[in-house]
Amino acid sequence: MVVIYGASGSGKTTLLNCISGLLDYEGSISINNKHLENMNDNDLSDFRLRNFGFVFQDFKLYDNETVYDNVLLPLDTISNIKESRKKRKCEDLLGLVGLDGYEKKITKKLSGGEKQRVAIARALVNDPSIILADEPT
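Since this is a predicted model, take the numbers as computed values, not measurements.

Caption draft 1: Representation of a nonpolar patch on the surface. A cluster of nonpolar residues, M1, V3 and Y5, forms a patch on the protein surface that exposes about 510 Å² of accessible area. Locating M1 in the fold gives a position in the segment before α1 (12-19).

Caption draft 2: Quick peek at the pairing of strand β3 (residues 52-55). Taking every second residue as pointing to the same face, both faces of β3 are buried, with F52 and F54 on one and G53 and V55 on the other. Direction of pairing for β3 relative to strand β4 (residues 130-133): parallel, over a ladder of 4 bridges. Within β4, the residue paired with V55 across the bridge is A133.

Caption draft 3: How the structure looks around helix α4 (residues 83-96). In this model α4 runs 20 Å from its N-terminal to its C-terminal C-alpha over 14 residues, within 8% of the 20 Å that 1.5 Å per residue would give. Among all positions of α4, only K86, K89, C90, L93 and L94 are buried. Along α4, the residues classed as buried sweep out an arc of 125° about the axis, all on the same side. Next to the buried residues of α4 lie α3 (67-78) and α5 (112-124). Downstream of α4 by a residue or two, G98 has a phi angle that is positive, lying close to 80°.

Caption draft 4: Representation of the packing of aromatic side chains. Counted under the stated rule, the structure contains 3 aromatic pairs. With 6.0 Å between their ring centres and 80° between their planes, F47 and F52 make a pair best called edge-to-face. Across the pair, exposure class does not vary: F47 and F52 are buried alike. Here the aromatic rings of F52 and F54 are separated by 5.8 Å at their centres, their planes lie at 40°, and the arrangement is tilted. Both residues of the pair, F52 and F54, count as buried. These aromatic residues form a ring-pair network of at least three members: F47, F52, F54 and F56. Sitting over the face of the ring of Y102, K105 holds its NZ or CZ atom 5.1 Å from the ring centroid.

Caption draft 5: Examining the pattern of salt bridges more closely. Taken as a whole and assessed by the stated rule, the structure comprises 7 salt bridges. Two residues, K60 and D58, come together in a salt bridge whose shortest N-O distance is 3.1 Å. Between K86 and D76 there is a salt bridge whose closest N-O contact spans 2.8 Å. Taken together, the residues span a long stretch of sequence, with K86 in helix α4 and D76 in helix α3 at a distance of 10 residues. Its relative accessible area of 39% is what places D76 among the partly exposed residues.

What counts and what doesn't
- Residues numbered from 1 in each chain as written.
- Predicted model: local features only at pLDDT ≥ 70, side-chain atom pairs only at ≥ 80, totals over all residues.
- Heavy atoms only, no water.
- Patch = residues over 30% accessible without salt bridge, like charges linked within 9 Å, V, L, I, M, F, W, Y side chains within 5 Å.
- Areas by Shrake-Rupley, 256 points an atom, 1.4 Å probe, with all protein chains shown as cover.
- Salt bridge = Lys/Arg side-chain N within 4 Å of Asp/Glu carboxyl O.
- Helix = DSSP H or I, 4+ residues; strand = E, 2+ residues; numbered from the N terminus.
- Buried < 20%, exposed > 50% of the residue type's maximum accessible area, 1.4 Å probe, protein only.
- Pairing = 2+ DSSP bridges.
- Expected span 1.5 Å × (residues − 1).
- Arc of directions from axis to C-beta.
- Contact = heavy atoms within 4.5 Å.
- Phe/Tyr/Trp six-rings, centres within 6.5 Å; stacked < 30°, edge-to-face > 60°.
- Lys NZ or Arg CZ within 6 Å of the ring centre and 35° of its normal.

Quick look at the structure:
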C-alpha cells in the first residue's frame, strides 16, 4: 500500500490522474512493465479497465442507474460473464461494503456514504492489481 498525502492543492489528484493515464504528463510512467506514454488511447483505456480500480472523490456514479448497474459497469465493459455470476459478484461486493440488498436502489437516492461504498465495490469488481483511491474516506 502506498499513501500519498499533502496539503490541499499540492497535486495528489493530479498525480493519480497521471498514474492512470487520465491526464497528460511529461516524463515516463511504467506500470507492470508497460510504459503508458507508448500506448495509444484505445490501448490505454483497455489497460486502465484491466488493471485499475478507481474510487474518485466525487464517486463518478451514474445517478439514474441502479447500484447493480453502477457496480458492474467495468465488468460489463471487458467481459461476457454469465448474468448469474455477475449477480453473485455484485451481491458479494455489496455485502463486503455493508450494502446487502441495495442492488435495485437508484444511486441518486443514496446517502453520500452509501455512494462512496458503491464506488468502492465498483473499484473491486474486476479484481484489479491496482486500486487508486482519491480521498476515499
